[in-house]
Amino acid sequence: MVPVPTMTAVDGITAIYNFGDSISDTGNFIREGPVGLMEHTGEPPYGSAIGAATGRCSDGYLMIDFLAADLGLPLLSPYLDERADFTHGVNFAVTGATAVDTASLQSMGVDNMPHTNSSLSVQLQRFKDHMASASNSPSEIRERLASSLVMLGEIGGNDYNYAFATNRPRHQAAAGADDDWPHSLYYKFYNTGQMITGAVEAMALVPHVVAAITGAARELLEMGATRMVIPGNFPLGCAPSYLSAVGEKDPAAYDGNGCLVGLNLFAQMHNVALQQGIRELRATYPGATIAYADYFSAYVRMLRAASGLGFDAAAATKACCGAGGGEYNFDMDRMCGATGTTVCERPDGYLSWDGVHLTQRVYQVMNELLYHRGFAYPAPINFPRT
């Protein structure tokens, strides 16, 4: 399972520049100083599959790691690692990051943002600073980007998480939740009606999130990016964190995979708007390959084929590392790594690692589906036929 670089360029790609959140953060968050919900990501049992906690929100490697290895490149070092070699790319992703800058979110009434201020605009500025220091001119930057893959996300999921938290019904919040993080993030919806109300309120953010992503894409394309991947959102309604928070008893609220229909519909609304934005980018920059990575469909495909892929279908919506047992093994008061949490015996049989993030095995399968099985389109990389 360990990604091993070959240092042989695939399809002319010699570097990767990655932006995003915890789905692809390889260590920036723990260098900022981990706080809040994900404060334990720099400690075991995170990283248990690779022998060390590196700041990756998983038991091991992430999609970006498997993709780098597939391209014959070294694993991406986090930008905040002062000792790193950035010859073959940089990872700017930060756990908890938002697409919309934090000041703008606060002006829209979204104020539950305890993790980081390293929004997409901050990451983009860090990219510009890095490229300016590593190059002598804009033309040299363009030349460098011509042989690079730019990964713009996944990002935006936290904007919605924080919006859901901000709009939670006050009388339903846990005791002390208003002042005590992380109780305030995933709150009890109690029924489908309130869940949908929360989704409708968060819908107001969708145009802003999409504009932040496509705006960053335009800046990168103007600088010379020629090959870009922009992922959509995962099916939020399949996450043990949300499933546990909603606690809905009505079977009609769930689809055939055991996921919440309302939250998945919301995620798809974001994805539809994002794809429209990508189509507009393609029209403006016809010389660039701008791929949409369909995280939603790839995850659903994997969920439906769980048994055939070696996963425990009975644990498809249960966290491997967590507390509370039951249907989802998720307790927001005791996130993975906290006192009282336990780890399942076979993490590679689970889809969810900690109720919010996925296991190494899932990230490996997702990478295969996206970049070798057509779930990212048009194909951003032409891998040699084997």
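Residues numbered from 1 in each chain as written. Predicted model: local features only at pLDDT ≥ 70, side-chain atom pairs only at ≥ 80, totals over all residues. Heavy atoms only, no water.

1. Some remarks on the overall build of the protein chain
Next up, step 1: The helix and strand inventory of the protein chain stands at twelve helices and eight strands.
Next up, step 2: When burial is assessed residue by residue, the protein chain has 58% of its 386 residues classed as buried.
Next up, step 3: Pairs at least 24 residues apart make up 74% of the contacts formed inside the protein chain by residues separated by at least 6 positions.
Next up, step 4: Working note: accessible area of the protein chain is about 14900 Å², and carbon and sulfur atoms make up 51% of it. (Helix = DSSP H or I, 4+ residues; strand = E, 2+ residues; numbered from the N terminus. Buried < 20%, exposed > 50% of the residue type's maximum accessible area, 1.4 Å probe, protein only. Contact = heavy atoms within 4.5 Å. Areas by Shrake-Rupley, 256 points an atom, 1.4 Å probe, with all protein chains shown as cover.)

2. Considering the state of the cysteines
Next up, step 1: Under the defined criterion, the tally for this structure stands at three disulfides.
Next up, step 2: Across the disulfide, Cys238 is cross-linked to Cys259 (sulfur-sulfur distance 2.1 Å). Because the sign of the S-S torsion sets the handedness, a value of about 105° for the bond joining Cys238 and Cys259 places this disulfide among the right-handed ones. Residue Cys238 is located in the loop between β4 (227-231) and α9 (240-246), and its partner Cys259 is located in the loop between α9 and α10 (261-284); the two are separated by 21 residues in the primary sequence. Of the two residues, Cys238 and Cys259, both sit in the buried class.
Next up, step 3: Note on cysteine connectivity: Cys320 is disulfide-linked to Cys344, with sulfurs 2.1 Å apart. Across the disulfide from Cys320 to Cys344, rotation about the S-S bond amounts to roughly -95°, and the bridge is consequently left-handed. In this pair, Cys320 is assigned in the loop between α11 (295-304) and β6 (321-322) and Cys344 in the loop between β7 (342-343) and α12 (360-372), connecting sequence segments 24 residues apart.
Next up, step 4: Residue class for Cys320 comes out buried when judged on its relative accessible area of 2%. (Disulfide = S-S within 2.5 Å.)

3. A look at the nonpolar core
Next up, step 1: Ranked by internal contacts, the top residues of the largest apolar core, which has 74 residues, are Phe127, Leu152 and Ile230.
Next up, step 2: Setting aside residues no more than four positions away along its own chain, Leu152 makes contact with Phe19, Leu120, Ile213, Ala216, Ala217, Leu220, Met228, Val229, Ile230 and Pro231.
Next up, step 3: Counting residues in hydrophobic clusters, the runner-up holds 43 residues, among them Ala68, Leu73, Met366 and Phe383. (Core = buried A, V, L, I, M, F, W, Y, C linked by side-chain atoms within 4.5 Å.)

4. Some details on the sheet that holds strand β2 (residues 89-91)
Adjacent strands of a sheet form backbone hydrogen bonds with each other and so pair up, either parallel or antiparallel.
Next up, step 1: An order of β2-β1-β3-β4-β5-β8 is seen for the six strands of this open sheet, with the pairing classed as mixed. With partners counted over all chains shown, the strands left at the sheet margins are β2 and β8 (376-377), one partner each.
Next up, step 2: Those strands touched by helix α5 (residues 138-146) are β1 (15-19) and β3 (148-152), and its axis lies near 85° from that of β3.
Next up, step 3: Contacting β4, β5 (289-293) and β8, α10 runs over the sheet at an angle of about 170° to β5. (Pairing = 2+ DSSP bridges. Axes fitted to C-alpha atoms, helices over the stretch in contact; angles between N-to-C directions.)

5. Here's the deal with the packing of aromatic side chains
Next up, step 1: Within the structure shown, the criterion is met by 13 aromatic pairs.
Next up, step 2: Ring geometry for Phe19 against Phe92: centres 5.3 Å apart, planes inclined by 15°, an arrangement best described as stacked. Taken together, the residues span a long stretch of sequence, with Phe19 in strand β1 and Phe92 in the loop between β2 and α3 (102-107) at a distance of 73 residues.
Next up, step 3: Overall, the relative accessible area of 1% leaves Phe19 in the buried class.
Next up, step 4: Both rings, one in Phe164 and one in Tyr242, keep their centres 5.7 Å apart while their planes meet at 70°; by these two values the pair is edge-to-face. In this pair, Phe164 is assigned in helix α6 (residues 157-166) and Tyr242 in helix α9, connecting sequence segments 78 residues apart. (Phe/Tyr/Trp six-rings, centres within 6.5 Å; stacked < 30°, edge-to-face > 60°.)

6. So, the side chain of Asn28
Next up, step 1: As for its position among the elements, Asn28 is in helix α1 (residues 28-32).
Next up, step 2: Polar side-chain contacts of Asn28 include one of 2.9 Å to the backbone nitrogen of Leu80.
Next up, step 3: Non-local contacts of Asn28, meaning those with residues more than four positions away in its chain, are made with Pro78, Tyr79, Leu80, Asn91, Phe92, Ala93 and Val94. (Polar contact = N/O pair within 3.5 Å; in protein donor to acceptor, adjacent residues only side chain to side chain.)

7. Brief notes about the confidence of the model for the protein chain
Next up, step 1: The share of residues in the protein chain with pLDDT of 70 or more is 88%, and the mean pLDDT across the chain is 90.
Next up, step 2: With pLDDT under 50 throughout, residues 169-191 is counted as low confidence; its partners more than four residues away or in other chains account for 48 contacts. (pLDDT = per-residue confidence, 0-100.)

8. Overview of the packing of helix α2 (residues 63-70) against α12
Next up, step 1: For the pair α2 and α12, interaxial distance at closest approach is 8 Å and the crossing angle is 50°. Judged by the angle between their axes, α2 and α12 are oblique. Where α2 crosses over α12, the two elements pack in a sense that is right-handed. Residues Met63, Phe66, Leu67 and Asp70 of α2 lie in contact with α12, whose contacting residues are Gln360, Tyr363, Gln364, Met366, Asn367, Leu370, Tyr371 and His372.
Next up, step 2: Looking at the contact of α2 with α12 residue by residue, the classes come out as seven nonpolar, four polar and one charged. (Parallel < 35°, antiparallel > 145°, perpendicular 65-115°, else oblique. Left-handed = near helix turned anticlockwise from the far one by under 90°. Nonpolar A, V, L, I, M, F, W, Y, C, P; charged D, E, K, R; others polar.)

9. Examining the environment of Pro45
Next up, step 1: Here Pro45 is to be found in the loop between α1 and α2.
Next up, step 2: The spatial distance from the C-alpha of Pro45 to the C-alpha of Asp59 is 6.8 Å, given a sequence separation of 14 residues.
Next up, step 3: Those residues in contact with Pro45 that sit more than four places away from it in its chain are Cys321, Cys336, Gly337, Val343 and Trp353.

10. Looking at the pattern of salt bridges
Next up, step 1: Scanning the entire structure with this criterion turns up nine salt bridges.
Next up, step 2: For the salt bridge of Arg227 with Asp11, the shortest nitrogen-to-oxygen distance reads 2.5 Å. Remark: Asp11 occurs in the segment before β1 and Arg227 occurs in strand β4; sequence separation between them is 216 residues.
Next up, step 3: Among the residues examined, Arg227 registers a relative accessible area of 14% and is labelled buried.
Next up, step 4: Residue Arg334 pairs with Asp331 through a salt bridge whose shortest N-O separation is 3.1 Å.
Next up, step 5: On the accessibility criterion, Arg334 (32% relative accessible area) is partly exposed. (Salt bridge = Lys/Arg side-chain N within 4 Å of Asp/Glu carboxyl O.)

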